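Survey of secondary and tertiary structure
As a plain string of letters, each chain reads:
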Amino acid sequence: MQLRLHGYWRSTAAYRVRIALALKGLDVEQATIDLRKAEQGAAGYRAIQPQGLVPALEVDGRVLIQSLPIIEWLDEVFPQPPLLPRDPFGRAHVRALAAIVASDMHPLNNLRVLKRLREDLHASEPAVTAWISEWSTRGFVALEALLPARGWSFGDQPGLADCCLIPQVYSAQRFDVDLTPFPKVRRIAALASEHPAFRLAHPDRQPDADRPAS
Ligand SMILES: N[C@@H](CCC(=O)N[C@@H](CS)C(=O)NCC(=O)O)C(=O)O
């Protein structure tokens, strides 16, 4: 099976899928859609992903879009290691943790939303920073209340919720959101920083990542 991931090193939605691919031990070809050059809006890419968003995963020429359905597809087709627990209540709980990130945190701080705030609503940089911090913090407050006292987001192996949480922590660090009040979130981030799949998927490790000038 040929897998080709259309993404961008700093895209947290693409990062979620990279983590899932790495946890499954799957090889993937990466195609860069440079968000800074607005390549996500080009007609060629919109023919693949009509929303003009990354990621998209090509599977033998067929296209899957939206990071969470992509990860669930990967989990169905490559069941080991599982990214969702077996029992329905646990599955719903893990999907809820993922939804807090993917539905309620990330969309409010997405590039196109920040662009609109800056360019059309003329928000100042401090106002944009406060906006990012507010929506991130609200999400982390809820996650902190729902996460367990030990281990990963659910149990002793990483799964779907961690595929979403860790990129959101990366985003929070990038935008200087204070994570001090969230010790469970920080504990899971520390676990991920030592885990080979999470390390492989990290934005700084991607072929299209900005390199320090030499
Ligand atoms: N719900 C989508 C979100 C995808 C998304 O918003 N991707 C961002 C990068 S993290 C993007 O392509 N932004 C481009 C833009 O806002 O123009 C998913 O989970 O795949």
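Everything numeric in this text was worked out from a predicted model, so none of it was measured.

1. Focus on the domain arrangement of the chain
One can read the domain layout of the chain as domain 1 (3-81 + 200-205) and domain 2 (88-195). For domain 1 and domain 2, the distance between their C-alpha centres works out to 19 Å. At the junction of the two partners, domain 1 supplies 13 residues and domain 2 supplies 14 residues. Here the side of domain 1 that touches domain 2 takes seven residues from helix α1 (residues 12-24), the largest share from any one element. Classifying every residue of the side of domain 1 that touches domain 2 by side-chain character gives 10 nonpolar, two polar and one charged.

2. So, the site of the ligand
In the vicinity of the ligand there are 15 residues, among which S11, L53, S67, L111 and R112 approach most closely. Secondary-structure elements contributing two or more residues to the shell around the ligand are α1, α3 (67-77) and α5 (111-120). Considered class by class, the residues forming the shell around the ligand number eight nonpolar, six polar and one charged. Of the domains in this structure, domain 1 (3-81 + 200-205) and domain 2 (88-195) are the two that each give at least three residues to the shell around the ligand.

3. A look at the sheet that holds strand β4 (residues 62-65)
Spatial strand order, β2-β1-β3-β4: four strands in an open sheet with mixed pairing. What marks the edges here is a single partner per strand, and that holds for β2 (29-32) and β4. On average, each strand axis in the sheet is inclined to that of its neighbour by 25°, with strand direction left out of account. Of the strand pairs in this sheet, strand β1 (residues 3-7) and strand β3 (residues 56-59) are connected by four bridges, and their pairing is antiparallel. Bridged to R4 within β3 is E58.

4. Concerning the nonpolar core
Membership of the largest hydrophobic core comes to 52 residues, with the highest contact counts inside it found for I19, A20, I71, A98, L160, L165 and V185. The set of elements that each furnish at least two residues to this core consists of α1, β3, α3, α4 (88-105), α6 (125-146), α7 (160-174), α8 (183-193) and α9 (196-201). For this core, the element with the most residues is α1, which contributes nine residues. Structurally, this core is a two-domain feature, drawing no fewer than three residues from each of domain 1 (3-81 + 200-205) and domain 2 (88-195). What V185 contacts, discounting residues up to four positions off in sequence, is F140, L143, E144, L147, L165, V169 and L179.

5. Section: the packing of α7 against α8
At a closest axis distance of 10 Å, the pairing of α7 and α8 adopts a crossing angle of 100°. Between α7 and α8, the interaxial angle falls into the category roughly perpendicular. In this structure, α7 uses D162, L165, I166 and V169 to contact α8, whose residues at the interface are V185, I188, A189 and A192. Of the residues assigned to the contact of α7 with α8, the class counts are seven nonpolar, no polar and one charged.

6. Overview of α1
Compared with the 18 Å implied by 1.5 Å per residue over 13 residues, the 19 Å span of α1 between its first and last C-alpha is a close match. Among the 13 residues that make up α1, 12 are buried, leaving the element largely enclosed by the rest of the structure. Taken residue by residue, α1 has T12, A13, A14, Y15, R16, V17, R18, I19, A20, L21, A22 and L23 as its buried positions. With its phi angle positive at about 70°, G25 sits one or two positions after the end of α1.

7. Considerations on the environment of I71
With respect to the helices, strands and loops of the structure, I71 is situated in helix α3. By C-beta crowding, I71 is classed as buried, having 27 other C-beta atoms within 10 Å. For the pair I71 and A20, spaced 51 residues apart in sequence, the C-alpha to C-alpha distance is 6.3 Å. Ignoring sequence-local partners within four residues, the contact set of I71 consists of R16, V17, A20, L83, L160 and C163.

8. Here we look at the environment of N110
Following the sequence through the fold, N110 ends up in the loop between α4 and α5. Take N110: there are 14 C-beta atoms within 10 Å of it, and that puts it in the partly exposed class.

Here is what the cut-offs are and how they apply
- Residues numbered from 1 in each chain as written.
- Predicted model: local features only at pLDDT ≥ 70, side-chain atom pairs only at ≥ 80, totals over all residues.
- Domains from an automatic or database assignment.
- Contact = placed C-beta atoms within 7 Å.
- Helix = DSSP H or I, 4+ residues; strand = E, 2+ residues; numbered from the N terminus.
- Nonpolar A, V, L, I, M, F, W, Y, C, P; charged D, E, K, R; others polar.
- Near = placed C-beta within 6 Å.
- Pairing = 2+ DSSP bridges.
- Axes fitted to C-alpha atoms, helices over the stretch in contact; angles between N-to-C directions.
- Core = buried A, V, L, I, M, F, W, Y, C linked by C-beta atoms within 7 Å.
- Buried ≥ 20, exposed ≤ 12 C-beta atoms within 10 Å, placed from the backbone.
- Parallel < 35°, antiparallel > 145°, perpendicular 65-115°, else oblique.
- Expected span 1.5 Å × (residues − 1).

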